[in-house]
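Chain and residue survey
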Amino acid sequence: MNKDIDNLPLLCNDVIFKSMFTGLESILSKFIYDVTGITLSKDVKLYANEIPLRRGNEKFKRCDFIIKDNNRIINIELNASYSYVYLIKNTSYIFSLYATDASKGEDYNKDLEVVQININNYSRFNKPILNFMMLDTVNSIPYLDSLKIFDLDIVKSKKMYYNERERKRIYLKWGALFACNTIKEMEPILDELLS
């Protein structure tokens, strides 16, 4: 057995993650709101997690979770370990989703917003959650404000959640939940989140 896979948190598994949120749109909406501040409508639809191929030589792309909400697409990716290749792959996904839905014949869907939430089982930065956009590096002016990436560091979130001196922000609770290894460990956090 692979030791790294055996020690993965319970929800860092595509099947378990999808089964937790599929059919429970209100909990999915709460998770998205708590992590991003984005309020979903009642018309949330989970749709095929495959990005449509547009050209003959394009490679097949399968995302972890894609949600369609009116003029917004939310892509959720579970990242069990750090790899520069995963960063490139996830970035490729968000641009592919944008390109697929933004272009409608000769017109472009100017109102389209594409958001990616990366749930990371590793620490890259010193904060538990980061919000990325394409910005001018000197003036911090958004280049394209309809593309957003949120990175939730579940390792850091869990440490901060269990440290009583830290403020228990809701996204820390979600991060701690995703970092759990057993259902028993998840129960008190779920009670807090859903009460």
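First things first, this report covers the structure right here in the doc. (Residues numbered from 1 in each chain as written. Predicted model: local features only at pLDDT ≥ 70, side-chain atom pairs only at ≥ 80, totals over all residues. Heavy atoms only, no water.)

So, the overall build of the protein
For the protein, the helix and strand inventory stands at seven helices and 10 strands. Burial analysis of the protein (195 residues in total) assigns 44% to the buried set. The contacts in the protein between residues at least 6 apart in sequence include a share of 62% that link residues at least 24 apart. Taken as a whole, the protein presents about 11500 Å² of accessible surface, with 54% of it coming from carbon and sulfur. (Helix = DSSP H or I, 4+ residues; strand = E, 2+ residues; numbered from the N terminus. Buried < 20%, exposed > 50% of the residue type's maximum accessible area, 1.4 Å probe, protein only. Contact = heavy atoms within 4.5 Å. Areas by Shrake-Rupley, 256 points an atom, 1.4 Å probe, with all protein chains shown as cover.)

Observations regarding the packing of helix H3 (residues 25-36) against helix H6 (residues 170-178)
Orientation of H3 relative to H6, taken along the N-to-C sense of each, is 120 degrees, at an axis distance of 8 Å. One element, H3, and the other, H6, form an angle in the oblique class. Remark: the crossing between H3 and H6 carries left-handed chirality. Counting all contacts with H3, which are made through Ile 27, Lys 30, Phe 31, Asp 34 and Val 35, the residues of H6 involved are Ile 170, Tyr 171, Trp 174 and Phe 178. Considering only residue class, the contact of H3 with H6 consists of seven nonpolar, no polar and two charged. (Axes fitted to C-alpha atoms, helices over the stretch in contact; angles between N-to-C directions. Parallel < 35°, antiparallel > 145°, perpendicular 65-115°, else oblique. Left-handed = near helix turned anticlockwise from the far one by under 90°. Nonpolar A, V, L, I, M, F, W, Y, C, P; charged D, E, K, R; others polar.)

Some thoughts on empty space enclosed by the protein
In the structure shown here, the tally under the stated rule is one cavity of 30 Å³ or more. Its volume calculated, the largest cavity comes out at about 60 Å³. Along its surface, the largest cavity is lined by Asn 120, Tyr 122, Arg 124, Phe 125, Lys 127, Pro 128, Ile 129, Leu 130, Asp 151, Leu 152 and Asp 153. Contributing elements (two or more residues each) for the lining of the largest cavity: strand S9 (129-135) and strand S10 (142-153). The dominant element in the lining of the largest cavity, judged by the number of residues it contributes, is S10, at three residues. Of the residues that constitute the lining of the largest cavity, the class distribution is six nonpolar, one polar and four charged. (1 Å grid on protein atoms, 1.4 Å probe; cavity = no way out; pocket = protein on both sides within 12 Å on 5 of 7 lines; lining within 4 Å. Points joined across faces, edges and corners; volume = space filled by probe spheres on them.)

Notes on the packing of aromatic side chains
Inspection of every chain in the model, using the stated rule, returns seven aromatic pairs. Measuring from ring centre to ring centre gives 5.3 Å for Phe 17 and Phe 65, while their planes differ by 75 degrees; the resulting arrangement is edge-to-face. Taken together, the residues Phe 17 in helix H2 (residues 14-21) and Phe 65 in strand S4 (residues 65-69) connect sequence positions 48 residues apart. Take Phe 17 and Phe 65: they sit in the same class, and that class is buried. Between Phe 125 and Phe 132, the ring centres sit 6.0 Å apart and the planes meet at 50 degrees, which makes this aromatic pair tilted. Take Phe 125: its relative accessible area is 34%, and that puts it in the partly exposed class. Site record: aromatic cluster; members linked through ring pairs are Phe 17, Phe 31, Phe 65, Trp 174 and Phe 178. (Phe/Tyr/Trp six-rings, centres within 6.5 Å; stacked < 30°, edge-to-face > 60°.)

Description of the pattern of salt bridges
Side chains carrying opposite charge are able to pair once their charged atoms draw close together. One pass over the structure, following the stated rule, counts seven salt bridges. Here Glu 113 ties to Arg 72 by a salt bridge, and the two come within 2.6 Å at their closest N and O atoms. Highlighted residues: Glu 113 in strand S8 (residues 113-120) and Arg 72 in strand S5 (residues 72-79), separated in sequence by 41 residues. For Asp 153, the salt bridge is made with Lys 156, and the minimal N-O distance between the two is 3.7 Å. A single salt-bridge network, built from bridges that share partners, covers Asp 69, Arg 72, Glu 113 and Lys 148. (Salt bridge = Lys/Arg side-chain N within 4 Å of Asp/Glu carboxyl O.)

Section: the environment of Met 186
For Met 186, the location among the structural elements is in helix H7 (residues 183-194). Met 186 sits 10 residues away from Ala 176 along the chain, and the two C-alpha atoms are 8.4 Å apart. Once residues lying within four places of it in the same chain are set aside, the contact partners of Met 186 are Leu 10, Leu 11, Leu 177 and Cys 180.

Some thoughts on unusual backbone geometry
Phi angles above zero are rare outside glycine, and Asn 70 is one such case at about 50 degrees. Mapping Asn 70 onto the fold places it in the loop between S4 and S5.

Digging into the packing of helix H5 (residues 154-161) against H6
Between H5 and H6, whose axes approach to 7 Å, the crossing angle comes to 115 degrees. The orientation of H5 with respect to H6, classified from their angle, is roughly perpendicular. The handedness of the crossing between H5 and H6 comes out as left-handed. Residues Ile 154, Ser 157, Lys 158, Met 160 and Tyr 161 of H5 touch H6, and the partners they reach there are Tyr 171, Leu 172, Lys 173, Gly 175, Ala 176 and Phe 178. Here the contact of H5 with H6 is built from residues that sort into seven nonpolar, two polar and two charged.

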